[in-house]
Amino acid sequence: MPETPRLSRLSDLADSTLCPLLVIKVGSALLVDGQGARRQWLTELVAEIAAAKQRGQKVIVVSSGAIALGARRLGLDKGGRGSLADAQAAAAVGQIALSGLWAELLAAHGLSAAQLLLTLEDLEDRRRYLNVTATLTRLLDAGAVPVINENDSVATQEIRFGDNDRLAARVAQAARADAVLLLSDVDGLYDRHPSEPGATLLPVVTGVTDDIRAMASPVSGSGMGSGGMISKLQAAEIAELAGIALAIGNGTKDQPIARVVEQGIATLFLPRASRASAAARKAWLGGRLRLKGTLIVDAGAARALREGASLLAAGLSGVDGQFSRGDAVAIKGPEGAVIAHGLCEYDASECAALKGQKSAQHAAILGYAPRPAIVHRDQMVMV
Ligand code: GLU
């Protein structure tokens, strides 16, 4: 398959050939202020989305703002984030208003809004993930604009994304998008805290390294959303694993997309490897957030995994955690560093029983026909 030209500049985000599918994430601080929803600003953004559709691009929106908007309507303090119960109640009220607004403003351009409320599990469970992918593909082919948020009213603490930055990156992965644009109230990533003298905006970052992570400030500037720069960098990493570009730009001004795309005020994260080398399945695996256990392997197995082999029981030296067959686990080398993530073919107790054993003994140990590997190479991604 010939490699398609790669998106490499911010202006490519508006190019229907280089970026046929764009995910736009809109932060709470842009959508809601002291008076309620920022209707005028959203009207302008929706006009820009309609223009992108006119150019032949498909667009998925990930919209925050439900909690902030609902909290205003219910009169809850701390923007509805004082407790989980407040946030869940606020989201239930805010989400209706938010969806209504998107639907109304998109309809003014003849566009249908399609609401999807997702929980972490919807993108973690392989079958549900594939379902989300199929629904999004169908909606986009039918010309609709999916407007996605986390299902905040039902997602409990342990099963929530918590921030829409990572949700946007995971949605991009599921929909096989070409780029993600995170619109918030910051210009992008600065090389040090933006309030420090001499802080410089980084225009392009290729690969999220430790040096890049060290530049991020953990708090959300507005205090309204849940994401700070850290969650944005995590989103950039998820996108990178999937071979997807991600831009962080300041949406506070009018016509935010044009400001980012045409004036180039933003940080563009480019993946090191092209999408062709990151199969969708592996991308999904690499972005999984909840690992259920750990497999420790010996030096020989660690080397074999790096060369592309499956993990065999003979190289397994330790098992940690309670996990079932099909769960995602971390694979650590003998020094304790995580070298891979994978879907385990056995549950934790079977792994413990097979640890260090040659294949010939497996049937007798298990009492049934063994599988070819503990973690198959196709279900594994090196980290
Ligand atoms: N899902 C939350 C909301 O709609 C926003 C999460 C975030 O701030 O990233 O209010």
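Here is a short report on the structure shown in this document. In this text, all values refer to a predicted model and were calculated from it rather than measured experimentally. (Residues numbered from 1 in each chain as written. Predicted model: local features only at pLDDT ≥ 70, side-chain atom pairs only at ≥ 80, totals over all residues. Heavy atoms only, no water.)

The contact between helix α7 (residues 164-175) and helix α9 (residues 229-241) brings their axes to 8 Å, and the two run at 10 degrees. In terms of their interaxial angle, α7 and α9 are classed as roughly parallel. In contact with D165, R166, A169, R170 and Q173 of α7, α9 contributes S231, K232, Q234, A235, I238 and A239. Here the contact of α7 with α9 is built from residues that sort into four nonpolar, three polar and four charged. (Axes fitted to C-alpha atoms, helices over the stretch in contact; angles between N-to-C directions. Helix = DSSP H or I, 4+ residues; strand = E, 2+ residues; numbered from the N terminus. Parallel < 35°, antiparallel > 145°, perpendicular 65-115°, else oblique. Contact = heavy atoms within 4.5 Å. Nonpolar A, V, L, I, M, F, W, Y, C, P; charged D, E, K, R; others polar.)

Another aspect to go through is helix α6 (residues 126-141). When the terminal C-alpha atoms of α6 are compared, their 23 Å separation across 16 residues agrees well with the 22 Å that a helix rising 1.5 Å per residue should span. Listed as buried for α6 are Y129, V132, T133, L136 and L140. Take α6 and look down its axis: the buried residues cluster within an arc of 100 degrees, on one side only. Summarising the geometry of α6, the exposed residues directed more than 90 degrees from the buried face are R127 and R138. (Expected span 1.5 Å × (residues − 1). Buried < 20%, exposed > 50% of the residue type's maximum accessible area, 1.4 Å probe, protein only. Arc of directions from axis to C-beta.)

A few words now on the packing of aromatic side chains. By the definition in use, this model includes zero aromatic pairs. Sitting over the ring of Y346, R371 keeps its end group 5.6 Å from the ring centre. (Phe/Tyr/Trp six-rings, centres within 6.5 Å; stacked < 30°, edge-to-face > 60°. Lys NZ or Arg CZ within 6 Å of the ring centre and 35° of its normal.)

On to the sheet that holds strand β12 (residues 316-320). Overall, mixed pairing links the five strands, which are arranged β12-β11-β13-β14-β15 in an open sheet. With partners counted over all chains shown, the strands left at the sheet margins are β12 and β15 (380-382), one partner each. Within the sheet, the average angular offset between the axes of one strand and its neighbour, ignoring direction, is 25 degrees. (Pairing = 2+ DSSP bridges.)

With that out of the way, let us pick up the sheet that holds strand β8 (residues 204-206). The strand order across the open sheet built from eight strands is β5-β6-β4-β1-β7-β9-β10-β8, with neighbouring strands paired in mixed fashion. Only two strands of the sheet have a single partner each, and these edge strands are β5 (113-118) and β8. Pairwise comparison of adjacent strand axes, ignoring direction, gives a mean angle of 20 degrees for this sheet. Across six bridges, strand β1 (residues 21-26) lies against strand β4 (residues 58-63) in parallel orientation. Paired with L21 across the bridge in β4 is K58. Packed on one face of the sheet, helix α10 (residues 256-263) meets β1, β7 (179-184), β9 (245-250) and β10 (266-270) and runs near 120 degrees to β7.

L13, V26, L42, L45, I49 and W102 are the most contacted members of the largest nonpolar core, which has 47 residues in total. With nine residues, the single largest contributor to this core is helix α4 (residues 84-107). In contact with I49, not counting residues within four places along its chain, are I24, V59, V61, W102, L106 and I257. The next biggest cluster of nonpolar side chains, apart from the first, holds 41 residues, and it includes L120, Y129, F161 and V205. (Core = buried A, V, L, I, M, F, W, Y, C linked by side-chain atoms within 4.5 Å.)

Across the six residues that make up β4, a large majority, five, are buried. Here β4 pairs with strand β6 (residues 145-150) via two bridges, running parallel. Counterpart to V62 in the pairing with β6 is I148.

Turning next to unusual backbone geometry. Even without glycine at this site, K78 takes up a positive phi of about 50 degrees. Secondary-structure assignment places K78 in the loop between α3 (66-74) and α4. Of note, Q255 is a non-glycine position whose phi angle comes to about 45 degrees, a positive value. Topologically, Q255 is positioned in the loop between β9 and α10. Of the residues examined, Q255 reaches a relative accessible area of 47% and is grouped as partly exposed.

Burial of strand β13 (residues 328-332) is extensive: four of the five residues sit out of reach of the surface. In this sheet, strand β14 (residues 338-343) lies alongside β13 in antiparallel orientation, the contact comprising five bridges. Residue pairing for β14: V329 is matched across the bridge by G342.

Another point: the packing of α3 against α4. Two elements in contact, α3 and α4, have axes whose closest approach is 6 Å; the angle formed by their N-to-C orientations is 100 degrees. Judged by the angle between their axes, α3 and α4 are roughly perpendicular. Facing α3, whose interface residues are A66, I67, L69, G70, A71, R73 and L74, α4 presents A87, A89, A90, A91, V93, G94, Q95, A97 and L98. Considering only residue class, the contact of α3 with α4 consists of 12 nonpolar, three polar and one charged.

Once that is clear, we can look at the pattern of salt bridges. Inspection of every chain in the model, using the stated rule, returns 11 salt bridges. As a salt-bridge pair, D165 and K232 come within 3.2 Å of each other at their nearest N and O atoms. With D165 in helix α7 and K232 in helix α9, the pair connects residues that are 67 residues apart, well separated along the chain. As far as the burial class goes, D165 and K232 line up, both buried. In this structure, E345 engages R325 in a salt bridge whose closest nitrogen and oxygen atoms are separated by 3.0 Å. One end of the pair, E345, is in the loop between β14 and α13 (348-354); the other, R325, is in the loop between β12 and β13, and 20 residues separate them in sequence. Judged by its relative accessible area of 16%, E345 falls in the buried class. We classify R325 as partly exposed; its relative accessible area is 46%. Three or more residues are tied together by salt bridges with common partners; here these are K25, D165 and K232. (Salt bridge = Lys/Arg side-chain N within 4 Å of Asp/Glu carboxyl O.)

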